[in-house]
Every structure is written in structure tokens, then in C-alpha cells.
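# Examining the three-dimensional arrangement
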Amino acid sequence: KQGTFCVDCETYHTAASTIGSQGQTGKLMYVMHNSEYPLSCFALFENGPCLIADANFDILMVKLKGFFQNAKANKIESRGTRYQYCDFLVKVGTVTMGPSARGISVEVEYCPCVIANDCWNLLLEFMQSFMGNHTPGVPSVFGTKHDSIYSPSDTMGQYMELFNKIRKQQAVPVAGIR
Amino acid sequence: GQQASPFVLRARRSMDKSGMPWHLRYLGQPEIGDKNRHALVRNCVDIATSDNLTDFLVEMGFRMDHEFVAKGHVFRKGIMKIVVYKIFRILMPGNTESIEPLSLSYLVELNVVAPAGQDVVSDDMRNFAEQLKPLVHLEKIDPKRLM
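This one's a predicted model, so the numbers in the text were calculated from it and none came from an experiment. (Residues numbered from 1 in each chain as written. Chains lettered and ligands numbered in written order. Predicted model: local features only at pLDDT ≥ 70, side-chain atom pairs only at ≥ 80, totals over all residues. Heavy atoms only, no water.)

The subject of this paragraph is the overall build of chain A. The helix and strand inventory of chain A stands at 5 helices and 8 strands. Seen in sequence order, chain A has helices and strands lined up from the N terminus as β-α-β-β-β-α-β-β-β-β-α-α-α. Looking at chain A residue by residue over its 178 residues, the buried ones come to 43%. (Helix = DSSP H or I, 4+ residues; strand = E, 2+ residues; numbered from the N terminus. Buried < 20%, exposed > 50% of the residue type's maximum accessible area, 1.4 Å probe, protein only.)

Each partner contributes residues to the interface: chain B has 22 residues there, and chain A has 25 residues. If you sort the residues of chain B by the area they bury against chain A, B:Phe56, B:Glu59 and B:Met60 come out on top, with a joint share of 32%. Taken together, the connections running from chain B to chain A amount to 1 salt bridge. Its salt-bridge partner being A:Lys27, residue B:Glu59 comes within 3.4 Å of it at the nearest N-O pair. (Contact = heavy atoms within 4.5 Å. Buried area = accessible area lost by both parts, 1.4 Å probe. Salt bridge = Lys/Arg side-chain N within 4 Å of Asp/Glu carboxyl O.)

Here we take up the nonpolar core. Grouped together as the largest cluster of nonpolar side chains are 26 residues, with contacts concentrated most on A:Met29, A:Phe57, A:Met61, A:Leu64 and B:Met60. Of all the elements in the fold, those that place two or more residues in this core are β2 (28–34), β3 (40–45), β4 (50–54) and α2 (56–63) of chain A together with β2 (22–30), β3 (42–49) and α1 (53–60) of chain B. In terms of residue count, α1(B) provides more of this core than any other element does, 4 residues in total. Of all hydrophobic cores here, the second largest spans 17 residues; its members include A:Phe5, A:Phe42, A:Met160 and A:Phe163. (Core = buried A, V, L, I, M, F, W, Y, C linked by side-chain atoms within 4.5 Å.)

Here the focus is α1(B). Residues and elements named next belong to chain B. Restricting attention to buried positions, one finds in α1 the residues Leu53, Phe56, Leu57 and Met60. Taken end-on, α1 shows its buried residues confined to a sector of 100°, consistent with a single buried face. In this structure, α1 carries Asp55 and Val58 as exposed residues pointing more than 90 degrees from its buried face. (Arc of directions from axis to C-beta.)

Here the focus is the pattern of salt bridges. Evaluated as defined, the whole model comprises 8 salt bridges over all chains. Of the charged contacts, one joins A:Glu36 and A:Arg82 as a salt bridge, the two residues approaching to 2.7 Å between their closest N and O atoms. Taken together, the positions of A:Glu36 in the loop between β2 and β3 and A:Arg82 in strand β6 (residues 76–85) put the pair 46 residues apart, joining distant regions of the chain. Note that B:Glu100 is salt-bridged to B:Arg89, the shortest N-O span being 2.4 Å. Highlighted residues: B:Glu100 in strand β6 (residues 95–101) and B:Arg89 in strand β5 (residues 80–92), separated in sequence by 11 residues. When salt bridges with common partners are traced through the structure, they connect A:Glu36, A:Arg82, A:Lys91 and A:Glu107 into a single cluster.

Moving on, we get to the side chain of B:Thr49. Looking at the secondary structure, you find B:Thr49 in strand β3. By relative accessible area, B:Thr49 is classed as buried at 3%. With residues near it in sequence (within four places) discarded, B:Thr49 still touches A:Leu51, A:Ile52, A:Ala53, B:Pro21, B:Trp22 and B:Leu24.

A separate point is the packing of aromatic side chains. All names here are of chain A. Applying the stated criterion across every chain yields a total of 10 aromatic pairs over all chains. Geometrically, the ring pair formed by Tyr85 and Phe126 is stacked, given 6.0 Å between the ring centres and 20° between the ring planes. With Tyr85 in strand β6 and Phe126 in helix α3 (residues 116–131), this residue pair connects regions lying 41 residues apart in the sequence. On the basis of relative accessibility, which here comes to 14%, the residue Phe126 falls in the buried class. With 3.9 Å between their ring centres and 10° between their planes, Phe88 and Phe126 make a pair best called stacked. With Phe88 in strand β7 (residues 88–97) and Phe126 in helix α3, the pair connects residues that are 38 residues apart, well separated along the chain. For the pair shown, Phe88 and Phe126 are each scored as buried. Through successive ring pairs, a cluster of aromatic residues spans Tyr85, Phe88, Tyr110, Phe126 and Phe130. (Phe/Tyr/Trp six-rings, centres within 6.5 Å; stacked < 30°, edge-to-face > 60°.)

On to α3(A), then. All names here are of chain A. Leu122 marks the point of greatest bend in α3, at about 30°. Of all the residues in α3, the buried ones are Ala116, Cys119, Trp120, Leu123, Phe126, Met127 and Met131. Phi for Gly132, located one or two positions after α3, is positive at around 55°. (Bend = angle between axes of the 7 residues up to and from the residue.)

Right, let's get into the state of the cysteines. Counted under the stated rule, the structure contains 0 disulfides over all chains. Of all cysteine sulfurs, the one in A:Cys41 lies closest to B:Cys44, which takes part in no disulfide; the gap is 17 Å. (Disulfide = S-S within 2.5 Å.)

Another aspect to go through is the confidence of the model for chain B. This prediction gives chain B a mean pLDDT of 87; 95% of its residues lie at or above 70. This prediction of the complex comes with two scores: 0.86 for pTM and 0.85 for ipTM. (pLDDT = per-residue confidence, 0-100.)

Here you go:
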């Protein structure tokens, strides 16, 4: 065991007053934080760019509240324990939205490698050893990456997808597993 | 947006140091009671970002108003920063290789980023500005006249 972790995600909508000028429907912007990168803030659009910024980005979002509204009820987070096993980092967290628990997330990282495709098979084998049938398929972020260097934005993109999936599910009395 | 005064953000990057983060800055309206101060005081939020900042700002709904290249020197005296630079017009949008000077003069700017409420800083700035006379005559600007 190596301490705890927390990943959170807040949702912002483009305010109604600004939609007309863009000629498009309102957009959702996600602002996320990851305890692994305590001085950073990640801002992303689904299928869009991911900006990595320092913590002052949160202050900017307060200044921008006329244009982007924080959907506070949609704030979702995963909190739990960090485990280090040789070169692997495993984080198991409870995903909560407000007061209710909505599921469990498992994040597995193979630390020495930065090219995603080079270590996918190794990750798969490692995950199968303790996740069995729940082992996931190739994350969609790997699809576009090929041989480019994996970055923290890719991790945040995966969490965003997971959180969106969980948000869409009905709240279940028993925690579901990804 | 459709508000009366548009929300302005400034995105800046180094052209001579590779790998540095981009710099995003928000500057608020001049503070009330400003007329008596020797320097222009505005709320400021500075954010370091990854290099996809301009794409991200467009995605957020911002559009580029203008861009320019500044080349010159930075001096520091305590927390005061004095920048002496020439402004260059960019001839083709986004292409920083093809630029031309806006004028033959250099612009001298004295600024300080300080915690809120430290009004005495503007006195220090005025005292420093006095020392630059008659070589440079620094004046407090009124941003409304420029917009």
C-alpha cells in the first residue's frame, strides 16, 4: 500500500446566453483533478483537446462563471487506495456522485513504459491475474495513439469516459465493477 | 459572448525557449479608487498551460482578436519587472517567421504582480519611474481609451 488517491471531475455547461453567438448547441467541458499530479488541473472536451494547466485554472473558471456554469450536482469522484507492486501502480477507488456510491474504479499503470502499445499485453496479463473476467479491453485512447508517448491527459480521458458511463447508469444499491 | 464588454484572455508563449509552458492571463477591469493611485491596478489570474492552449480556447468558444510578437529585454528590481521591447506585426496569421516591426520605437513597460491590497507597491513604482526620467516618461495608461 502506498497512500491514497483521488480523481475528481466537475462538469461545466456553456451558459445559455453565449450559445447563440456560436451557432451551436451548448458544450460540456470537464475540469478534472488527479492527486497524482497535485499542482495540475485538466480541462477537457469529449472528443476534443485536453488542456493541462496549473491549479489557477480553477480560479479562472470562477471568473468565467457568466459563460460556463458549473453543474455542481454532476461532480463525480473516485477515492481510494494506491498500491505499488513492482513496476505496477494499482489504484482501487469508490466512485461517488454526491452522497451516493456509484461503483468501483480500478486504474492500472505500468510505470517504466511510456509507449502504450508496447506494454498493453503485459498490462493485460497482469490485470487478468487479479481481475479475471472483469479485465477491460483496449482503452479507446490507445487507438489513436499508436506509437506516441502516453501522457497524463490520456489517463484523464479514460477517467472521463468511465465517469460518463457511470453517470448514465441508474444508481444501483450494490457497487458495480468496471 | 453577447455581453457588452467581451471577456479577454491573453495567451503567451516563449519563442526562444523551447519546452516552456504557455502562459494564460486574465486581467480584470481597473479597480475602483484607481484614479488616485500612481499605477493601474487590475485583478490578475496567471495560469501555466500545455501547448494546445489556443486550440483549447477556440473549443471553449473564444476567438482570436489579435496576435503579435514582442522581442526585447526583461529587467527586474525586487518584485518590479521592467520590459523594454519592440512589437512586431505578424503578416500571416499564426506564422511567426514572417513579421515586421510595428514602429522603430521600443515600448517600456513597468509592472508588478502582487497580492491583493498591497497599494503601497504603486508608490514604489512611481518612485522608480521618476528615476527613469528624462530618458523614459512612464505614464499610467487608461485601458478604456485603448479598447
